[in-house]
Structure formats: C-alpha cells, structure tokens
Amino acid sequence: MVLLFKSRIKWIVLLVLMLSTGSLVVHLSITKFSATNLIQYTAVPALSFDLPSTSPGSKRVIPARNKKLWGPVKALESLQPYANPRTTYPVPSEKSNGYIYAKVYGGFSKIRSSICDLVTISRLLNATLVIPEIQDSLRSKGISSKFKSFSYLYDEDQFIASLKNDVRIVKTLPENLKAARKRNEFPIFKPKSSATPSFYIKEILPKLKKSKVVGLILADGGCVQSVLPPSMAEFQRLRCRVAFHALQFRQELKVLGRRIVERLVALLTLNYFAIWVFDVHTELIQYRRAQMIKRGVLADKLSVDSHIRRDNGSCPLMPEEVGLLLRAMGYRANTIIYMAGSETFGGQRLLIPLRAMFANLVDYTSFCSKQELTDLIGPEPLLPPNPFKLPPGKSDEQLKEEWKRAGPRPRPLPPPPVRPIYQHEKEGWYGWITETDTEPDPLPADLRMHAHKLLWDALDYIVSLEADVFFPGFNNDGSGWPDFSSLVMGQRLYERASSRTFRPDRKTIQEYFKSIRDDMYHPKFNWTISMREHLNNSFGEDGFAWQSLKSKPASFLSHPFPECSCRMPPSAAVAEVPTILIKDEDECPKWMMQNNNQDESSESIVGAASNEDTESEYENETKEAQEDSDASSKSSLTLAINQDDEWDPND
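Residues numbered from 1 in each chain as written. Predicted model: local features only at pLDDT ≥ 70, side-chain atom pairs only at ≥ 80, totals over all residues. Heavy atoms only, no water.

Novice: Can you tell me about the overall build of the protein, naming the residues and giving the values?
Specialist: Counting secondary structure elements, the protein contains 21 helices and 13 strands. Summed over all atoms, the accessible surface of the protein reaches about 35300 Å², with 57% contributed by carbon and sulfur. (Helix = DSSP H or I, 4+ residues; strand = E, 2+ residues; numbered from the N terminus. Areas by Shrake-Rupley, 256 points an atom, 1.4 Å probe, with all protein chains shown as cover.)

Novice: Can you break down the side chain of S211 residue by residue, with the values?
Specialist: Within the element layout of this structure, S211 appears in helix 6 (residues 197-211). Of the polar contacts made by the side chain of S211, one reaches the backbone oxygen of K207; its length is 2.8 Å. Within the structure, the side chain of S211 is placed 2.8 Å from the backbone oxygen of V213, a separation counted as a polar contact. (Polar contact = N/O pair within 3.5 Å; in protein donor to acceptor, adjacent residues only side chain to side chain.)

Novice: Please set out the packing of helix 13 (residues 370-377) against helix 15 (residues 444-466) residue by residue, giving values where relevant.
Specialist: The geometry of helix 13 relative to helix 15 is characterised by a closest axis approach of 11 Å and an angle of 115° between their N-to-C directions. For the pair helix 13 and helix 15, the sense of crossing is right-handed. Facing L373, L376 and I377 of helix 13, the residues of helix 15 in contact are H452, L455, W456 and L459. Split into classes, the residues belonging to the contact of helix 13 with helix 15 amount to six nonpolar, one polar and no charged. (Axes fitted to C-alpha atoms, helices over the stretch in contact; angles between N-to-C directions. Left-handed = near helix turned anticlockwise from the far one by under 90°. Contact = heavy atoms within 4.5 Å. Nonpolar A, V, L, I, M, F, W, Y, C, P; charged D, E, K, R; others polar.)

Novice: Please set out the packing of aromatic side chains residue by residue, giving values where relevant.
Specialist: Inspection of the entire model under this criterion finds 17 aromatic pairs. Considering the side-chain rings of Y461 and F484, the 5.9 Å spacing of their centres and the 85° angle between planes classify their relative orientation as edge-to-face. Residue Y461 is found in helix 15, and its partner F484 is found in helix 16 (residues 484-495); the two are separated by 23 residues along the sequence. On the basis of relative accessible area, Y461 is assigned to the buried category, the value being 1%. Ring centres of F471 and F502 lie 5.1 Å apart, and the angle between their planes is 55°; this geometry places the pair in the tilted category. You can see F471 sitting in strand 11 (residues 469-472) and its partner F502 sitting in the loop between strand 12 (500-501) and helix 17 (506-515), a full 31 residues away along the chain. Taken together, the aromatic side chains of F108, F150, Y154, F159, F249, Y461 and F484 make up a single cluster linked through ring pairs. Here R123 stacks its cationic end above the ring of Y89, 3.9 Å away from the centre of that ring. (Phe/Tyr/Trp six-rings, centres within 6.5 Å; stacked < 30°, edge-to-face > 60°. Buried < 20%, exposed > 50% of the residue type's maximum accessible area, 1.4 Å probe, protein only. Lys NZ or Arg CZ within 6 Å of the ring centre and 35° of its normal.)

Novice: Which residues make up the packing of helix 11 (residues 319-329) against helix 18 (residues 525-537), and what values do they have?
Specialist: Each packed pair of helices is defined by two parameters, the angle between the axes and the distance between the axes. Look at helix 11 against helix 18: their axes get within 9 Å of each other, and the N-to-C directions meet at 95°. It follows from the interaxial angle that helix 11 and helix 18 lie roughly perpendicular. Along the contact surface, helix 11 presents L325, A328 and M329, while helix 18 presents W527, T528, M531, R532, L535 and N536. (Parallel < 35°, antiparallel > 145°, perpendicular 65-115°, else oblique.)

Novice: Please give an account of the state of the cysteines that cites residues and values.
Specialist: Tallied over the entire structure, the rule returns two disulfides. C566 shares a disulfide with C588; S-S distance 2.0 Å. An S-S torsion of about 90° defines the bridge between C566 and C588 as right-handed. Taken together, the positions of C566 in strand 13 (residues 565-567) and C588 in the loop between helix 20 (579-584) and helix 21 (590-632) put the pair 22 residues apart, joining distant regions of the chain. Taking the relative accessible area as the measure of exposure, C588 reaches 5% and is therefore buried. Described in terms of the sequence order of its bonded cysteines, the disulfide pattern of the protein is 1-2, 3-4. Of the cysteine sulfurs around C116, a residue in no disulfide, the closest is that of C240, at 8.6 Å. (Disulfide = S-S within 2.5 Å.)

Novice: I'd like a rundown of a nonpolar patch on the surface, residues and numbers included.
Specialist: Nonpolar side chains collect at one region of the surface, where I9, V13 and L17 lie side by side and expose about 260 Å² of accessible area between them. Locating I9 in the fold gives a position in helix 1 (residues 2-34). Judged by its relative accessible area of 38%, I9 is partly exposed. (Patch = residues over 30% accessible without salt bridge, like charges linked within 9 Å, V, L, I, M, F, W, Y side chains within 5 Å. Salt bridge = Lys/Arg side-chain N within 4 Å of Asp/Glu carboxyl O.)

Novice: Report on helix 17, specifying residues and quantitative values.
Specialist: Of the residues making up helix 17, those classed as buried are R506, I509, Q510 and F513. The buried residues of helix 17 all sit within an arc of 100° when viewed along its axis, so they share a single face. In helix 17, the exposed positions that point more than 90 degrees away from the buried face belong to K514 and S515. Those residues of helix 17 hidden inside the fold are in contact with helix 10 (306-311), helix 11 and helix 18. Sitting at the amino-terminal end of helix 17 is D505, which places a side-chain oxygen 3.1 Å from the backbone nitrogen of K507. (Arc of directions from axis to C-beta.)

Novice: Describe the pairing of strand 9 (residues 336-340), with residues and values.
Specialist: Burial analysis of strand 9 places five of its five residues in the buried class, which makes it a mostly covered element. Where strand 9 lies against strand 10 (residues 361-362), two bridges are found, and the strand directions are parallel. Residue pairing for strand 10: Y338 is matched across the bridge by V362. (Pairing = 2+ DSSP bridges.)

Shown next, in the form of structure tokens:
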C-alpha cells in the first residue's frame, strides 16, 4: 500500500512538471510572435555630422490630411505684425539728460523682459542707455573670455543699430565717469516691475539731471508696469521693437538654433510640436516660499492645500497630463515632440508616461553634437577643484568606545533609518534641498551652469518660435514675473498670429481631469470631444480673451495686442473675423495690403487643391480616435539673486 502511494506521488509530480514545461513553451511562443507589435523606444543619438539644410526663407508644406491639426488658424490670419510708430515720433536728441546703466538679474525670461523695459525708460527720461550687464553671464561666473556680459547672449551691434531712432545706446560709460562709478558716487535704484512712469518722472529724473548718471538694479523681471495708459501706446510699440527686432541672439546662437530646426524637418520629414515642460519639487517650493514670506515678497501661509491650488489652475500641467491632452486632440503616437525649457524636476522618470504615449520625444541635445555645443560656449578656463569633502568615517575602535559610553542597558531601540535619498532626487541645481535646510553658496561650477542655461534656453526659444504647434505646460503662474512660455506665445502672436498656439485655461482643464481622475487613460468619447472643443477654442477668440485677461497684466510681451498689430481685410476663405479683432485693432496700411494680396494669390492655388482631402482625412481621424477610445477600455496602459558683482564691461 505504501509503495502504491509513493508511485502515485511520482506520477503526479511528473505530470505537474510536464504541464509546467508545456505552459512555459506556450508563453515563450506567444511572446515571440507578439513582440513584433511592441514599439521599442530608442533615444535619438547626438548628431556628429551636418544634415542637409533647407533653403533660406523656404516654407514648410503641411500635408493636406494634417491641416486640421497643424494648419494655421483661419480666424487670426488677418492679424499682421506692425510695431512702427503711428504718430509723431521724434528721434532722440543728441543732448540727453544723462546715462543709465543697469545690472540685470534672473534667468532668460527676466533678462529679456528687463532689457525691453530699460529701453522704454531710457526713452521716457531722454537718457543714454549703457549696454545692460547680465549678471548671470559675467566673466566672474567663469564664462569664456571672448564674450562680454551682454554679448554672451545677444548681438550688441544689432541692438544699438536697430534702436538708433528710439534711444541713444553706448557700450560703456565715458572714461571720466567710470572711476566715479567705482567709488559709488552715483545714485542707485532698485525699481519693481510694477513701477509707474510717474515714479521715474518724479523720483529718478531729477537725480539723473543732477548727477548725470543713475544705476538701476533689476531683479524683478522688469522695471515698469506692463499695462500703460492709452496715451503711451508708442512706448508699448517700442517694447515690441526691442523684443522682436532689436534683441537678436548672437550669430553663433542663431546659426545653431536654425540648424536644429532644419535637422528636425530634414531628418524626420514630419511636423513637430514644441511643449514647455515644467514640474515641481515640493521641498524646494516650501523653501522658496519660506524665503519669500520672510522677505515680505509673498503675503501668504507657508503650507497650502495643493488640491485647491490644482483645482483653481495654479499648478502646472504634468507631462503625463500634457500627453493625454495631445492624444485627445488626435495627434498620432509618432508625432515629434520637442521639449523646451530647463531640466525637469525629478529627473527623466516623470517623462516616462509622456514618452509611453509619444515615443519621439526630443530636445536640443538630440540634434546637436557635443562639439557644436562646446563651440557655442567658447573656450573657458579650468574650474578650481571642488573643496567639498565627505567627513571621514569612524573606525571600529571609535564605534566600540561610543557603544561603551552609551549608558546602562537595556537601551531603547534606535530610531528607524531615514528614507534614502535616491539619485534622481539629487539631479540638478536643486539637489541640495534633499540634504540640508539652508541653501549653500554656489560653487564655481554652479555659476557657470547658470550661464550655460541662458544659451540652452535661447536654443529652445528659437525652436519653439518655429514650431508648427506650441503648447505651454505652465504659464501665467501668478508670480507677476515673465515666464518662458508667455514670451514664446507673445512673439508667435506678433510674428504669425495664425500659428497654432494653445492658450488653455488650466482651471477648466483640471475640472475635466477631475471627472476622469480614476481612469485617465480610458476616457469616454464624450470627454474627448469636450476636451478637444475646449482646446480648439483656445486657438481663437476665447483663448485670445483669456490670454489678454490673465497674461498681459503680468507681461505686456506675452500678449502685445492690439498695440503691435494691424488687421488686414478678411479674405474670402474667412467667413467672419472675431469681434475682438474688429473692436480693438487698426487696419494695416495700404503698402502692407498690397504685399499681402500678392502672397495670397501665389498660395491660393496650392491651398484649393487640398481642402477636400483635408476634411475627409480629419473625419477619418476622428472616427479612428473614437474606435481607439472604445478599444482602450478593454486594455490597460502601465506605465537667488546672485552676489552683486561690481563690474564694468571694460574692467
């Protein structure tokens, strides 16, 4: 009986092994034959060769079937850039009231906005402007000796020549005034971005006339209020001429930026999409808020309810949410998405959901070789060695002595170990926040990195302006300071108002997301249609009105309308012009209308041939989106102001 029982156990074990082996073979076979349907992501390597260039001034032809997603916004095609003076506008007199020199703090956006305000104030005070000193690009920050402060980012000669009819600009103070500046004999002001023109007339102009030199320290992203009275419309147009014409990047930056755009078009032969990626780091924000509350900059509590902030649209859209919005619009998975902006807090892990939806995720490093970036930076001196050293570890004898002196037994259990700090939490300039409560002094490498970041932001700015579509992950953050997305949106509005630039209302978007928070990847088709309608409306009059209300009070350059635009008569292709354009905008001069008519006649032949195909293809895409939405329900997707350097350009 015992032998029979043992025999049965052996047969059962043998049967289980055979079934396991068969199951393993079946699973391996299924994996082998289904692997062909998986999309494998591979990063685009840095290019070490020059790709063929497109001809200068050539326009990209948008495939007919994509015009609903990539084509111009018909309702805004009548808007044209027009920042020329429209009233009596005398050239600056040779005898000015004195010199204004300025130190500009902050990143790319603050620098660009501050320089525009400086020119405006110089015109207002009839002063001679000394080329501004960009503090993040001083030689003391370790940049190449071939550049001065301003010329590290912008073209000095172009800046001076372009504004010769607006403001007198010189590269340095006269020799007899440099020594007096070093001795701090001239008054220095720190105006806010909310300063009014009357403040300059009443407070600064008398001292300028008396001392002949006035210094300004700008750390607020500007030095005069964004919205000026209607009587000062010419000063607003001067801001546009500075931002969109005079502030040209230095030649090396322009060439490399244009080369990136050409490589995107030539290599990928597709339209590309630019998004501004912004993410948050809770501890860093808490630290920054504490500092701002302590200095009186922010009148608020340290702790806030993040859910309330998110619901009212005060939080940025996460990369995952941006991907879901683009998918709801109907953009295909092979769409080229160019990520503009600085490094993402939290590292590349936060881009995993977006990369899962759109595998073609690139940035400037994907289309530039290391040598090209090195040439852009220029020759730099070697950095001193990092003085930081880890404290020496304790020997076994020291640990034993500490144990003996620890007190009587039984001793209480030691506290649980602290949560480990992962490597991705230490990436970037904010890594110190995970290890200490106080911000350390910047190292030479940190100062140089801030200067380099200006160049990377400039490249992103160039590519974002040329993008077929631009989506701001975060703008109008409520700080009152200019931001990258807003400046890009403003210049795209000025140069090509009909370009597809999303102007979403984050509060409305969060209401949509809140309704599907438990199942974001499988929304109902009605939700997709509603979201698509909201995003499409953001291109036209609704987005126009919202941008004017929310963005323009903080930064005029984010919405230079109607001061810096004019309106062409509506063409036959546009049934009606938005009422906001008719109400606020002047008509363009006759010479612009004649040039525009010639351009329209040359393009109408190409456009008429593709309109019918456009409509039918877009209808097919909508049906495919509905089928994909229904099918997806059956499967799941896993997924500080720097130290004030007293510096003179000629020192």
